[in-house]
Amino acid sequence: MNLHIVNIIIKREYLTRVKKKSFIVTTFLVPILFAALCMLPSVIMLMAKEESKKVAVVDESGIVMPFLSNTETIEFQQFENADPEVLKMKLDSVGMDALLVISPLDSAKKTVSAVSYASKPLGMETSESIEHKINDAVEDYRVKSYNIEGLENIMEQVKPDISLVSYKIDEQGKETLNESGLYMILSMVLGMIIYMFISMFCGMVMSSVIEEKASRVVEVLVSSVKATELLFGKIIGVALVALTQFFMWIALTMLILAVVGGIAGPEFLSGAATADPTAQMAMMPGMDAASAPVPSEMSAILSTLGSIDYVQLIVVFVLFFVFGYLLYASMFAAIGSAVENEADSQQLVLPLTIPLMIGFLIAMFAYKSPDSAVVFWGSMIPFTSPMVMLTRVLFGVPTWQIVLSVSILVLTFVLCAWLSAKIYKVGILMFGKKSTFKDLWKWLKMK
Amino acid sequence: MALIECKNVCKNFGSKVALDNVSLDVPEGKIYGLLGPNGAGKTTMIRIINRITIPNSGEVLFNGRPITQRDVEKIGYLPEERGLYRKMEVGDQAMYLAQLKGMSEKDARAELKKWFVKFGIQDWWKKKVEELSKGMAQKVQFITTVVHKPSLMILDEPFSGFDPVNAELIRKEILELKEQGATIILSTHNMESVEELCDNIALINKSHLVLSGGVDEIRRQYGNNHVELIYSGENALAPVEGLFSVISDADDNGRHTAVLSLNHERLGNEVLTSVIGQGLLVNSFKELLPRMNDIFIKLVTEGK
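Residues numbered from 1 in each chain as written. Chains lettered and ligands numbered in written order. Predicted model: local features only at pLDDT ≥ 70, side-chain atom pairs only at ≥ 80, totals over all residues.

### Thoughts on the overall build of chain B
Selection criterion: Note on conventions: DSSP H or I runs of at least 4 residues are helices, E runs of at least 2 residues are strands, and numbering of each starts at the N terminus. Residues are called buried when their C-beta atom has 20 or more other C-beta atoms within 10 Å, exposed when it has 12 or fewer, and partly exposed otherwise; all C-beta atoms are positioned from the backbone. This entry defines residue contacts through backbone-placed C-beta atoms, with two residues in contact when those atoms are within 7 Å.
Scanning chain B from terminus to terminus reveals nine helices and 14 strands. By the burial criterion, 36% of the 304 residues in chain B qualify as buried. Contacts spanning at least 24 positions in sequence make up 69% of the contacts within chain B whose residues lie at least 6 apart.

As C-alpha cells, then:
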C-alpha cells in the first residue's frame, strides 16, 4: 500500500464530510442537547417550585383539615360549610386553583374518600403530597379509635425505615457508594451510543461506496490507486470523522456545563456533577450530613458518578468503537460495492444488521445480570462485543477479559477486512446486474 | 518501439471468457485504435492495461518490462462510463484526481489552472459538479485525464457527449498530445475518427483478436483493387481482359465517373495507358480504399 496515496484519500474523505452542514449542525446541537438533559432535573425543580397552588378544602369529615399543613408549593384554605357543587364553579373568582372535597367519615370502615376538581391538572407531586396527608389523617384517626394509651408512640416506634446502602469494593479495598440504578442507565446509554455510532458511520461508508459506484467515478479512481487503498482510505477517513465528532461532543458538553455552572452556580448542575461528591453534598440545601446516618439518594448518585473511572471508560469506548466500527465498516463496504443504489442494499445488509441488533439488545439488558453467560459471551464474540463490553465495563470487568475481547475483535477485523477487500475489488466494477450473495461468494473466490 | 505489449492475455470471469489469448503491440507515439463490438472484451483489455483487473494468464509490458503499480501514474484513463463526485467542487475534484496520479499539490494547481484557461472554464473552479451540464463535466473529466502529462492515454469513446464544436476541440487536443510524444489508445465505435486519427488498430471480437496492423495497410488489404476514374470522352470506357473490368460508369454529359476493378493492385500504369489508348481524357485516377466501417461490419458479421 502506498501510504502517501492513502493519506490523500483519507484527507478527501475526512474533509468533504467535516465541511458538510449536517456534520457541523449535529456536532454543535448534540452537546446542547446533552447539556440540556443534564440540567433538566434542576430546571424542572426550579420551575415546579415557582408554581405554588392554592387549594380550597371542603372537609365534611372534620378529621382531615388539621393534617393539611401548607407546604412550599401547596397552600390549603378551608371553606367551611360551603357547597362543593357551587364552589367548584367559582374557583377562579375566590382565587383558588383547585377544590379538594373530603367525604363525611364512614365510621364502619373508618375511612373517607377524597375528590379534587381543578381546571388545570394538579400534577403528580401535588397529588401525591395531598394523598399522603389524607392518609396520615385517616391513620391517626384509626390509631386514636383504638383508645389505647400511648399507641401513637408505639406505632411510631415500630415503623421501620431501612434502605439498602451499596458500596462497591475495588481491588485495593476502597469502598465507594454505589447506585446500581444509575449504572443501569449509564450502561444502557453507552450501549446505545456505540450502537448508534457504529451503524451510523458504517452506513456512511456504505453509501459512499455506492455513491462512487453509481456515479462511475470509481473506475477513474481505481485506475490511479489500488482498490484496497481506496477502501481503507475511505474507512479510516470516516473513522476520523466519527472520532472528531465524539471528542467534540465531549469537549463541547463539558464546556457548556462549565459555563452554565459558572453562571448559575454548581448546585444547578447537581444532576450532572462529576466533581467531588462531598463538596457537592455540603452545598445541597436541606441536607444535613451529620444528622443523617444513612447516605441520601443524591449523595449516592454523586458518589457513584464520582467513582467511575472516566479515563478507562473513554479508552475502552474508543478502542471498542474503533475496532467494532472497522470490522463492520469493511463488511458494509463490501455490500455497498455489490449494489448501485441504496434500495438494493437493504436485503444484503441484513446479515450485518442482525448481529448488530443482537449486540444492542444484549447490551440493553446486560445490567440485569452483568455476569451471566449470555452477557459474557456477548462481550467476547466480536460481532456483539463492542456494545456488550461497554455496558459491562461499568460493573467492573477483569483486565484480561478486556484484552482478550479486543484481541479477538482485532483478529476478526483483519480476517473480515481481507475478505471484504476481495469482494469490494470485484464488486465496484460490476454494473448493470443486481447482485446476490451467490455473486459475492463467486467474487470472493476470484483471483 | 512498443510502449505497451500485451502477451497472450487471457481473462475469464467465472466460466465466462472475456479475453482469449490476446496479444497487442501499441507503438510509442502513435494513436492506436482498439475496436470491437459491444461486449467483445475491449473494456476488460483496457482495465488490464490499467492494472484495474489482473489477467488470469499472460502479461503486460510497459516500456519493455512488466507493468507495475507505479507505471499507472504515467497512464491517463478516460473511461467510457464517465463520472465525477457530484457534490464536490470542480477544482477540488480535479486537484484530488491529479494528486492521486502522483502530482504534488503545487504542480497540480498550476497545471490545472493552465488547462482551465485553455478550455475557457476558469469560472468553474468553485462550481459543484452537479451544477455542470453533461458536456461541461466531460471537459473537466478530459482535463483530469491528461493533466499529469501521461505518456500513455487510454480514451474510451472520448467524443461521446460532446457537441461538434467541443468534439473538434478534443480532437485537436488529442493530435497535439500525440505531437508532444504521447501514445494514445483510442477505443471508439466512430469509424470515421478511426480513419482520421489512428495509425494502427486492433479489432477484438468475441474475446479474440481478429485483426491488427496499420490502418492504411489494413484498408488496402481489404480493398478489391478498386479505383475511381473520372474521364471525358464521347465513348464509354471498355474493359480490357486480363487488366481491368468496369464495375460502374456514370455519364454526365460526356464526363464519366467510373469504378474499375483492377486485376492486380500494381497495374495502375498499364490501366492508364489503356484508357489513354482508347482516346479518353483522364481527369482523375484515385485508389478506392474500403471504409473502416465496412471492414468492421464485414469482420464482425463473418465472425457470427
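There's more to say after this.
### Notes on the overall build of chain A
In terms of helices and strands, chain A carries 16 helices and six strands. Put simply, 71% of the contacts in chain A that link residues at least 6 apart link residues at least 24 apart.

### Digging into the environment of V238(A)
All names here are of chain A. Mapped onto the secondary structure, V238 falls in helix α8 (residues 227–264). V238 gets classed as buried once you count the C-beta atoms within 10 Å, which come to 24. Sequence-wise, V238 and A329 are 91 residues apart; in three dimensions their C-alpha atoms are separated by 9.4 Å. Filtering out sequence-adjacent residues up to four positions away, V238 remains in contact with E13, R17, F201, M204, V205 and A329.

### What to know about the pairing of strand β9 (residues 200–205) of chain B
All names here are of chain B. Condition: Strands qualify as paired when DSSP identifies two bridges or more between them.
Burial of β9 is extensive: six of the six residues sit out of reach of the surface. Burial along β9 is two-sided: the face carrying N200, A202 and I204 and the face carrying I201, L203 and N205 are both buried. Both strand β3 (residues 31–35) and β9 contribute to a ladder of four bridges, which runs parallel. Bridging from a neighbouring strand, L34 pairs with A202 of β9. Sheet topology places β9 next to strand β10 (residues 208–214); six bridges connect them, and they run antiparallel. Bridge pairing in β10 links I201 to G213. Where β9 folds back onto β10 in an antiparallel hairpin, the turn is made up of two residues, including K206, whose phi is positive at roughly 50°.

### Here we look at the interface of chain A and chain B
Put simply, the test is: When residues are sorted by character, Ala, Val, Leu, Ile, Met, Phe, Trp, Tyr, Cys and Pro go into the nonpolar class, Asp, Glu, Lys and Arg into the charged class, and all the rest, Gly among them, into the polar class.
Contact with chain A, which involves 18 residues of that partner, is made by 21 residues of chain B. For the side of chain A that touches chain B, the leading source of residues is helix α7 (residues 217–224) of chain A, giving seven residues. Its residues assigned to classes, the side of chain A that touches chain B shows eight nonpolar, four polar and six charged.

### Some words on the environment of M103(B)
Residues and elements named next belong to chain B. Take M103: it is sitting in the loop between α2 (90–100) and α3 (105–118). Look at M103 and you get buried, because 20 C-beta atoms sit within 10 Å. Once the C-alpha coordinates of M103 and V271 are considered, the two residues, 168 residues apart in sequence, prove to be 60 Å apart. In this view, M103 contacts A98, A108 and H148; residues no more than four positions away in its chain are not counted.

### Describing the sheet that holds strand β7 (residues 152–156) of chain B
Residues and elements named next belong to chain B. Put simply, the rule reads: Between the N-to-C directions of two axes lies an angle of 0 to 180 degrees, each axis being a line fitted to C-alpha atoms and, for a helix, fitted only over the stretch in contact.
Taken in spatial order, the six strands make up an open sheet running β6-β7-β8-β3-β9-β10, and their pairing is mixed. The outermost strands of the open sheet, each flanked by one partner alone, are β6 (75–78) and β10. The average undirected angle you get between the axes of adjacent strands in this sheet is 15°. When β7 meets strand β8 (residues 183–187), the two strands line up parallel, connected through five bridges. By the bridge assignment for β8, L155 is matched with L186.

### Describing helix α14 (residues 385–393) of chain A
Most of α14(A) sits inside the fold, with nine of its nine residues counted as buried. Along α14(A), the positions that sit buried rather than exposed are S385(A), P386(A), M387(A), V388(A), M389(A), L390(A), T391(A), R392(A) and V393(A).

### Describing the sheet that holds strand β4 (residues 57–62) of chain B
All names here are of chain B. If you trace the four strands from one edge of the open sheet to the other, you get β2-β1-β4-β5, paired in antiparallel fashion. The sheet is open, and its two borders are formed by β2 (16–27) and β5 (65–66), each paired with just one other strand. Two elements, strand β1 (residues 2–13) and β2, share eight bridges in a ladder whose sense is antiparallel. For V9, the partnering residue across the bridge sits in β2 and is V22.

### Focus on the confidence of the model for chain B
The following threshold applies: pLDDT is a per-residue confidence score from the predictor, ranging from 0 to 100.
In the predicted model, chain B carries a mean pLDDT of 89, and the fraction of residues at 70 or more is 100%. The complex prediction reports pTM at 0.74, with the ipTM value standing at 0.80.

### Section: the nonpolar core
Test applied: By definition, a nonpolar core groups buried Ala, Val, Leu, Ile, Met, Phe, Trp, Tyr and Cys residues that are joined through C-beta atoms within 7 Å.
Ranked by internal contacts, the top residues of the largest apolar core, which has 138 residues, are V205(A), Y325(A), A329(A), F332(A), A333(A) and I154(B). If you tally residues by element for this core, the top one is helix α11 (residues 310–338) of chain A, at 15 residues. Beyond its immediate sequence surroundings of up to four residues, A333(A) is in contact with V205(A), M206(A), V209(A), L231(A), I235(A), S420(A) and Y424(A). Among the nonpolar cores identified, the runner-up in size contains 19 residues, and A56(A), I74(A), M96(A) and V138(A) belong to it.

### Some remarks on the confidence of the model for chain A
For chain A, per-residue confidence averages 82 on the pLDDT scale, and residues scoring 70 or more make up 84% of the total. The secondary structure element of chain A with the lowest average pLDDT is helix α9 (residues 277–283) of chain A, at 41, and the one with the highest is helix α1 (residues 3–18) of chain A, at 93.

### Section: the packing of α8(A) against α11(A)
All names here are of chain A. Let me state the cut-off plainly: Roughly parallel covers angles under 35 degrees, roughly antiparallel covers those over 145, roughly perpendicular covers 65 to 115, and oblique covers all other angles. Note: crossing handedness is left-handed where the near helix turns anticlockwise from the far helix by less than a right angle, and right-handed where it turns clockwise.
Between α8 and α11, the least distance of the axes is 10 Å, while the angle of their chain directions is 135°. By the angle between their axes, α8 is oblique relative to α11. In the crossing of α8 with α11, the sense of the turn from one axis to the other is right-handed. Of the residues in α11, those touching α8 at L231, I235, V238, A239 and A242 are V322, Y325, L326, A329, S330 and A333.

### Remarks on unusual backbone geometry
The bulk of non-glycine residues show a negative phi, and the bulk of peptide bonds are trans. Although it is not a glycine, N147(A) adopts a positive phi angle of roughly 55°. Note on placement: N147(A) falls in the loop between α4 (124–145) and α5 (151–158). C-beta crowding within 10 Å serves as the criterion here: with 7 such atoms nearby, N147(A) is assigned to the exposed category. For N8(B), which is not glycine, the phi dihedral falls at a positive 45°. Among the residues examined, N8(B) registers 13 C-beta atoms within 10 Å and is labelled partly exposed.

### Re the environment of L164(A)
By secondary structure assignment, the location of L164(A) is in the loop between α5 and β5 (166–169). Once the C-alpha coordinates of L164(A) and S113(A) are considered, the two residues, 51 residues apart in sequence, prove to be 34 Å apart.

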